[in-house]
Protein chains: 2
Amino acid sequence: MNAAVCFSGGKDSSLAALLLEPFYEVTLVCATAGVADSAAHAREAAETIDFPFERVELEESVVREAAERIVADGFPRNGIQAIHEHALEEVAQLEYDAVADGTRRDDRVPTIPRSFAQSLEDRHGIDYLSPLTGFGRGAVDRLVETRLDVEAGPSEQVPKGDYETEIRAVIAEEHGQEAVSECFPEHTQTRVRGRR
Amino acid sequence: MNAAVCFSGGKDSSLAALLLEPFYEVTLVCATAGVADSAAHAREAAETIDFPFERVELEESVVREAAERIVADGFPRNGIQAIHEHALEEVAQLEYDAVADGTRRDDRVPTIPRSFAQSLEDRHGIDYLSPLTGFGRGAVDRLVETRLDVEAGPSEQVPKGDYETEIRAVIAEEHGQEAVSECFPEHTQTRVRGRR
């Protein structure tokens, strides 16, 4: 069986891939609209942990709509959730037996309710897997610590292949850099640099 | 890091152990009040998949209260949920870094809400892991099929180390065999016979 893991280059999607590796042929898939080089960053990160990599095109309008939503809301939750659901739909259409992501038990966003998971499975004839929802924050951190070499820093300094990178670029372009800081609280990003 | 997987001898707790095996030193732990030889069945099943085994004593009163609850309700959900929560509390007091179980994403019982999981972790200083909550019914069945040799049959004929075996014995003793059939819908049980 093969599985596509939605991959941003960060620690969560990397750890999800490691958890599935003994059971599936794993490919890391970066869903991107091609804004801000995010696919290149994700591909580079994928190479450091030695998985095959695929890039999937998202409509740029989806990223732009998510960006506008975030500016209107003043916080990123709804926009990120919308783009993640859209990405899952796109990846579910590829030729994989399973589609996985790095959502965690204690995540605030994105969250995939069971109803969405089952609907995705039924409509696309695939399995949806979220291996990290079985693990709490502490357990995830400890697994990352023992298995992955990770670089951490503020979002502006850790280039990643995630939606946030693209959305930040769109907001900066449309509304200026200040709007980015207003919508996104400062937080530490991670990017994988290899296995331990 | 070591992990205690609450083990009944069935396919779910066995698969949970396989998922954790690359990341933890796994011990299969059967929590039992010693009714109906269930620990012996669980130990035998644990040997077939080659994990260390430990038995943890539950208060017999807990099993008896669950049995009475089930007879009063006419269905097993609440009694099984109560005994599983009690078992998790007992196993969390042992000397393991993590306590795991085989609850699945699509299970109706037992279900462990995030609030219970976090409370268990905070009070006992352990991680609670439920690796199968990241997998739907289809994915779990396919993983079991490829990784485990499993015997299936009606509950009366597949002796296991689960709570249901003990509760059935108590209800039969207190209320007669007919009460057992009234409370428990007929369903197929599984017991692991080895790895594939």
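Before any of the text, the structure's been laid out above.
Residues numbered from 1 in each chain as written. Chains lettered and ligands numbered in written order. Predicted model: local features only at pLDDT ≥ 70, side-chain atom pairs only at ≥ 80, totals over all residues. Heavy atoms only, no water.

### Details of the packing of helix α4 (residues 77-92) of chain A against helix α5 (residues 114-124) of chain A
Residue and element names in this part refer to chain A.
Here's step 1: Two elements in contact, α4 and α5, have axes separated by 10 Å at closest approach and are oriented at 25°. Taken together, α4 and α5 sit at an angle that is classed as roughly parallel. Both α4 and α5 take part in a crossing whose hand is right-handed. The segment α4 lies against α5, with E85, L88, E89 and A92 engaging F116, L120, R123 and H124.
Here's step 2: In the contact of α4 with α5, the residues fall into 4 nonpolar, 1 polar and 3 charged. (Axes fitted to C-alpha atoms, helices over the stretch in contact; angles between N-to-C directions. Helix = DSSP H or I, 4+ residues; strand = E, 2+ residues; numbered from the N terminus. Parallel < 35°, antiparallel > 145°, perpendicular 65-115°, else oblique. Left-handed = near helix turned anticlockwise from the far one by under 90°. Contact = heavy atoms within 4.5 Å. Nonpolar A, V, L, I, M, F, W, Y, C, P; charged D, E, K, R; others polar.)

### Notes on the sheet that holds strand β3 (residues 53-57) of chain A
All names here are of chain A.
Here's step 1: Overall, parallel pairing links the 5 strands, which are arranged β3-β2-β1-β4-β5 in an open sheet. Either end of the sheet is taken by a strand with one partner, and the two such strands are β3 and β5 (127-129). Neighbour to neighbour, the strand axes of the sheet diverge by 30° on average, direction disregarded.
Here's step 2: Note that strand β1 (residues 2-6) and strand β4 (residues 98-100) share 3 bridges and pair parallel. When the bridges of β4 are listed, V5 appears paired with A100.
Here's step 3: Packed on one face of the sheet, helix α2 (residues 38-48) meets β2 (25-32) and β3 and runs near 160° to β2. (Pairing = 2+ DSSP bridges.)

### Details of the nonpolar core
Inside soluble globular proteins, nonpolar side chains tend to come together where they are buried.
Here's step 1: Core analysis: the largest hydrophobic core is formed by 62 residues, its most contacted members being A:Y24, A:L28, B:Y24 and B:L28.
Here's step 2: Once you skip the residues sitting within four places of it in the chain, B:L28 turns out to touch B:V5, B:F7, B:A17, B:A46, B:I49, B:F51, B:P52, B:F53 and B:E54. (Core = buried A, V, L, I, M, F, W, Y, C linked by side-chain atoms within 4.5 Å. Buried < 20%, exposed > 50% of the residue type's maximum accessible area, 1.4 Å probe, protein only.)

### Here we look at the pattern of salt bridges
Here's step 1: Throughout the structure, instances matching the rule amount to 38 salt bridges over all chains.
Here's step 2: Residue A:R104 pairs with A:D12 through a salt bridge whose shortest N-O separation is 2.9 Å. Here the residue A:R104 occupies a position in the loop between β4 and α5, and A:D12 occupies one in helix α1 (residues 11-20), the gap between them amounting to 92 residues.
Here's step 3: Using a relative accessible area of 8% as the deciding quantity, one classes A:R104 as buried.
Here's step 4: Residue B:E121 is joined to A:R105 by a salt bridge in which the shortest nitrogen-to-oxygen separation is 2.8 Å. Of the two residues, B:E121 is situated in helix α5 (residues 114-124) and A:R105 in the loop between β4 and α5; the pairing between them involves two chains. With respect to class, B:E121 is no different from A:R105; both count as buried.
Here's step 5: It is possible to trace a salt-bridge network through shared partners that takes in A:K11, A:D12, A:R104 and A:D141. (Salt bridge = Lys/Arg side-chain N within 4 Å of Asp/Glu carboxyl O.)

### Section: the relation of the copies chain A and chain B
Here's step 1: For the match of chain A to chain B, the screw axis carries a shift of 0.0 Å, the RMSD comes to 0.0 Å, and the turn is 180°. The operation mapping one copy onto its partner corresponds to a two-fold rotation axis. Using C-alpha coordinates, one finds that chain A approaches the rotation axis most closely at A:G134, a distance of 2.9 Å. (Least-squares fit on C-alpha atoms with pLDDT ≥ 70 in both.)

### Looking at the pairing of strand β3 (residues 53-57) of chain B
All names here are of chain B.
Here's step 1: Pairing analysis gives 5 bridges linking strand β2 (residues 25-32) to β3, with the strands arranged parallel. Each residue of the ladder has a partner; that of L28, found in β3, is F53.
Here's step 2: For the segment spanning β2, helix α2 (residues 38-48) and β3, crossover handedness is right-handed. (Right-handed = clockwise from strand over helix to strand, strands pointing away.)

### Section: the packing of aromatic side chains
Any pair of aromatic rings gets described here by the distance separating the centres and the angle formed by the planes.
Here's step 1: In the structure shown here, the tally under the stated rule is 0 aromatic pairs over all chains.
Here's step 2: Positioned above the aromatic ring of A:F184 is the side chain of A:R168, whose terminal nitrogen or guanidinium carbon lies 5.0 Å from the ring centre. (Phe/Tyr/Trp six-rings, centres within 6.5 Å; stacked < 30°, edge-to-face > 60°. Lys NZ or Arg CZ within 6 Å of the ring centre and 35° of its normal.)

### Some thoughts on the environment of A:S14
All names here are of chain A.
Here's step 1: When you line up the elements, S14 lands in helix α1.
Here's step 2: As for S14 and R108, which are separated by 94 residues in sequence, their C-alpha atoms are 19 Å apart.
Here's step 3: The contact partners of S14, leaving out residues within four places of it in the chain, are F7, G9, I49, L148 and V192.

### Examining the interface of chain A and chain B
Here's step 1: The interface of chain A with chain B comprises 29 residues on the first partner and 29 residues on the second.
Here's step 2: Carbon and sulfur atoms supply 56% of the area that chain A and chain B bury against each other, a total of about 2,400 Å² over both sides.
Here's step 3: Among the residues chain A hides against chain B, the three largest losses belong to A:F23, A:R105 and A:R114. Together they make up 26% of the total.
Here's step 4: Taken together, the links from chain A to chain B amount to 4 salt bridges.
Here's step 5: On inspection of chain A and its partner chain B, the count reaches 12 residue pairs in polar contact (both at pLDDT 80 or more).
Here's step 6: Looking at the side of chain A that touches chain B, the element that brings in the most residues is helix α6 (residues 137-147) of chain A, giving 6 residues. (Buried area = accessible area lost by both parts, 1.4 Å probe. Polar contact = N/O pair within 3.5 Å; in protein donor to acceptor, adjacent residues only side chain to side chain.)

### Thoughts on unusual backbone geometry
Here's step 1: Cis peptide bonds are those with omega within 30 degrees of zero, and the linkage from A:V109 to A:P110 qualifies with -10°.
Here's step 2: Here A:P110 shows up in the loop between β4 and α5.
Here's step 3: Of note, A:D50 is a non-glycine position whose phi angle comes to about 65°, a positive value.
Here's step 4: As for its placement among the helices and strands, A:D50 is situated in the loop between α2 and β3.
Here's step 5: Overall, the relative accessible area of 65% leaves A:D50 in the exposed class.
Here's step 6: Notably, B:A36 is not glycine yet its phi reads approximately 65°, a positive angle.
Here's step 7: Using a relative accessible area of 36% as the deciding quantity, one classes B:A36 as partly exposed.

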